[in-house]
Amino acid sequence: MSSFIIEGGARLSGEIIPQGAKNEALQILCAVLLTPEPVTIHKVPDIRDVNKLIELLSDLGVEVKYLSNESYRFCAKNVDIDYLETEDFRKKASSLRGSIMILGPLLARFGKGKISKPGGDKIGRRRLDTHFIGFQKLGARFLYEAETGMYHIDASQLKGTYMLLDEASVTGTANILMAAVMAKGKTTIYNAACEPYLQQLSKMLNRMGAKITGIGSNLLHIEGVDALGGTDHTMLPDMIEIGSFIGMAAMTQSEITIKDCQIPELGIIPETFRRLGIDMEFRGDDIFIPSQERYEIETFIDGSIMTIADAIWPGLTPDLLSIVLVVATQAKGTVLVHQKMFESRLFFVDKLIDMGAQIILCDPHRATVIGLNRQQKLKGIRMTSPDIRAGQALLIAALSAEGRSIIDNVEQIDRGYQHIDTRLKALGAKIERMD
């Protein structure tokens, strides 16, 4: 288990380029299974979860060719569907939550699939019902083996249908979409997720020959086709990294330029950080964060305490609430952070409290943060990263704290952030990795 040793208090400066979007990568990479023709993907983040998925695709028989930094070519011409029966597949798939999204492409192209219960962050209950109910509406039949924890799916006769999703699940929508593109007839998905990741996937599938309309809305129409071809695709920059870097600059009183952000795709994210009092300038597609001695949280128009909550797109992504929370600890003012979607994602606040933050954990979903206005710095402590997003928030806290912090279990951070210690050192951070 690796650790980060951080000497806090250093002001950072320079430029940083966000990695490709992790959440988009997990969908896009699975989509290569839909065609026997080559698919070239650019801006692939070099992170643990993505690399594990690429390894799983390779084990399935997908030819993987590394082209250059962040670019790969995939060819799923000779997929070994029998690999799904192996113990090796069960172990690898169960350790990676993103593996669930190989199901849609496998059902569409091969008419069958098998998957174990996926792993992932321990941030609360994350249901697979939306995926499975969607597949069933398309005509798939399920068998669950309790002894092995494996799901067997027969999808030999997928047919288009109308479905109203019980929740606007991003991965559920992506999985159902990939299954529907080669189903017979027309499929309509209402209450579909419409995040930029889904829009990117839909546009990629259309370039491959799919017929998807309604992209960017919560009502998707898919006309099934017989086969899909190859394409090239470039992923968006990771909006969670961009939000993290905005928060990091404010917390450490640093002057940073975040390059190539594709700002129109960020939705409400910049405005959310502005409500925390953080100044920023848009310079073309770059975001410039000036050094700020102080930043003050807005109140609502009637003077009441600001509430920042997650919501389905175009609302604020839940992945950034941990960053919002940690940034608020050094602001002037008070904010209620409401994490609606996951019941365990706020359970890292005890570590921030140990560092000196003033936070009241109201219940598993809500925390009130009373900003210290930099009158009392956070102090360095030893802590453990519980999940990807909390780990990034704790890293930002440590960078701004007084004294030395040690963050254990940084493999969790590595799952979502590409060479983060090396990239931060280039900005002047005092961070070392200890194995």
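This report concerns the structure included in the present document. In this text the structure is predicted, and so the values were computed from the model without any measurement.

What counts, and at which threshold
Residues numbered from 1 in each chain as written. Predicted model: local features only at pLDDT ≥ 70, side-chain atom pairs only at ≥ 80, totals over all residues. Heavy atoms only, no water. Helix = DSSP H or I, 4+ residues; strand = E, 2+ residues; numbered from the N terminus. Rg over C-alpha atoms; globule rule 2.2 N^0.38 Å. Buried < 20%, exposed > 50% of the residue type's maximum accessible area, 1.4 Å probe, protein only. Contact = heavy atoms within 4.5 Å. Areas by Shrake-Rupley, 256 points an atom, 1.4 Å probe, with all protein chains shown as cover. Polar contact = N/O pair within 3.5 Å; in protein donor to acceptor, adjacent residues only side chain to side chain. Pairing = 2+ DSSP bridges. Salt bridge = Lys/Arg side-chain N within 4 Å of Asp/Glu carboxyl O. Axes fitted to C-alpha atoms, helices over the stretch in contact; angles between N-to-C directions. Disulfide = S-S within 2.5 Å.

Remarks on the overall build of the protein
- Counting secondary structure elements, the protein contains 14 helices and 23 strands.
- Expected size for 435 residues packed as a compact globule is a radius of gyration near 22 Å; at 22 Å, the protein falls within 12% of this value.
- With the C-alpha coordinates aligned to their principal axes, the bounding extent of the protein is approximately 65 × 50 × 45 Å.
- Of all 435 residues assigned to the protein, the portion counted as buried reaches 58%.
- Partitioning the intrachain contacts of the protein with sequence separation of at least 6 by distance along the chain shows that 73% fall at a separation of at least 24.
- Accessible area for the protein stands at about 16,800 Å²; split by element, carbon and sulfur atoms hold 48% of it.

Structural notes on the environment of Thr 173
- Along the chain, Thr 173 falls in helix α6 (residues 170-180).
- On the accessibility criterion, Thr 173 (0% relative accessible area) is buried.
- Remark: the alpha-carbon pair of Thr 173 and Ile 240, spanning 67 residues in sequence, is separated by 20 Å.
- Here Thr 173 is in contact with Leu 165, Ala 192, Ala 193, Leu 198 and Leu 220, once residues within four sequence places are set aside.
- Reaching out from Thr 173, the side chain makes a polar contact with the backbone oxygen of Ser 169 at a distance of 2.6 Å.

Focus: the pairing of strand β7 (residues 141-145)
- The sheet contact formed by β7 and strand β8 (residues 150-154) spans 5 bridges and is antiparallel. By the bridge assignment, Arg 141 is partnered in β8 with Asp 154.
- If you look at the hairpin formed by β7 and β8, you'll find 4 residues sitting between the two strands, and Gly 149 has a positive phi there, around 70°.

Here's the deal with the pattern of salt bridges
- Scanning the model with the defined rule gives 24 salt bridges in all.
- Between Arg 404 and Glu 7 there is a salt bridge, with its nearest N and O atoms 2.7 Å apart. Of this pair, Arg 404 sits in strand β22 (residues 404-408) while Glu 7 sits in strand β1 (residues 3-7), and the two are 397 residues apart along the sequence.
- The residue Lys 92 makes a salt bridge to Asp 59 at a minimum N-O spacing of 2.5 Å. Of this pair, Lys 92 sits in helix α3 (residues 87-94) while Asp 59 sits in helix α2 (residues 48-59), placing them 33 residues apart in sequence.
- In this structure Asp 59 comes out as partly exposed when scored by relative accessible area, which is 27%.
- Through salt bridges with shared partners, one network takes in Arg 48, Asp 414, Asp 421 and Arg 433.

Brief notes about the side chain of Thr 188
- Along the chain, the position of Thr 188 falls in strand β10 (residues 186-190).
- One polar contact links Thr 188 to His 221, side chain to side chain, over a distance of 3.3 Å.
- Filtering out sequence-adjacent residues up to four positions away, Thr 188 remains in contact with Thr 161, Tyr 162, Met 163, Leu 219, Leu 220 and His 221.

Observations concerning the sheet that holds strand β18 (residues 334-338)
- The strand order across the open sheet formed by 4 strands is β17-β18-β20-β19, and the pairing between neighbours is mixed. Edge positions in the sheet fall to β17 (306-309) and β19 (358-363), since each of these pairs with one other strand and no more. Neighbouring strand axes in the sheet, compared pairwise and without regard to direction, differ in orientation by 20° on average.
- Helix-sheet contacts for helix α10 (residues 321-328) involve β17, β18, β19 and β20 (366-370), and the interaxial angle to β18 is about 160°.

Focus on the state of the cysteines
- Under the defined criterion, the tally for this structure stands at 0 disulfides.
- Cysteine Cys 75 remains unbridged, with the sulfur of Cys 30 as its closest cysteine sulfur at 17 Å.
- On the accessibility criterion, Cys 75 (15% relative accessible area) is buried.

Quick look at unusual backbone geometry
- Backbone torsion omega between Trp 313 and Pro 314 reads 15°, so that peptide bond is classified as cis.
- As for its position among the elements, Pro 314 is in the loop between β17 and α10.
- With a phi close to 65°, Asn 191 is a non-glycine residue in the positive phi region.
- With respect to the secondary-structure elements, Asn 191 resides in the loop between β10 and α7 (196-207).
- In the Ramachandran plot, His 419 falls in the positive-phi region, its phi being about 45° despite a non-glycine side chain.
- Structurally, His 419 can be placed in the loop between α13 (411-414) and α14 (420-425).

Points about the sheet that holds strand β23 (residues 430-434)
- Across the sheet, 4 strands lie side by side as β21-β22-β1-β23; this open sheet has mixed pairing. Every interior strand has two partners, whereas the edge strands, β21 (382-384) and β23, have only one. Shown here is a sheet whose adjacent strand axes are inclined to one another by a mean of 20°, direction ignored.
- Where β1 meets β22, 5 bridges bridge the pair, whose relative direction is antiparallel.

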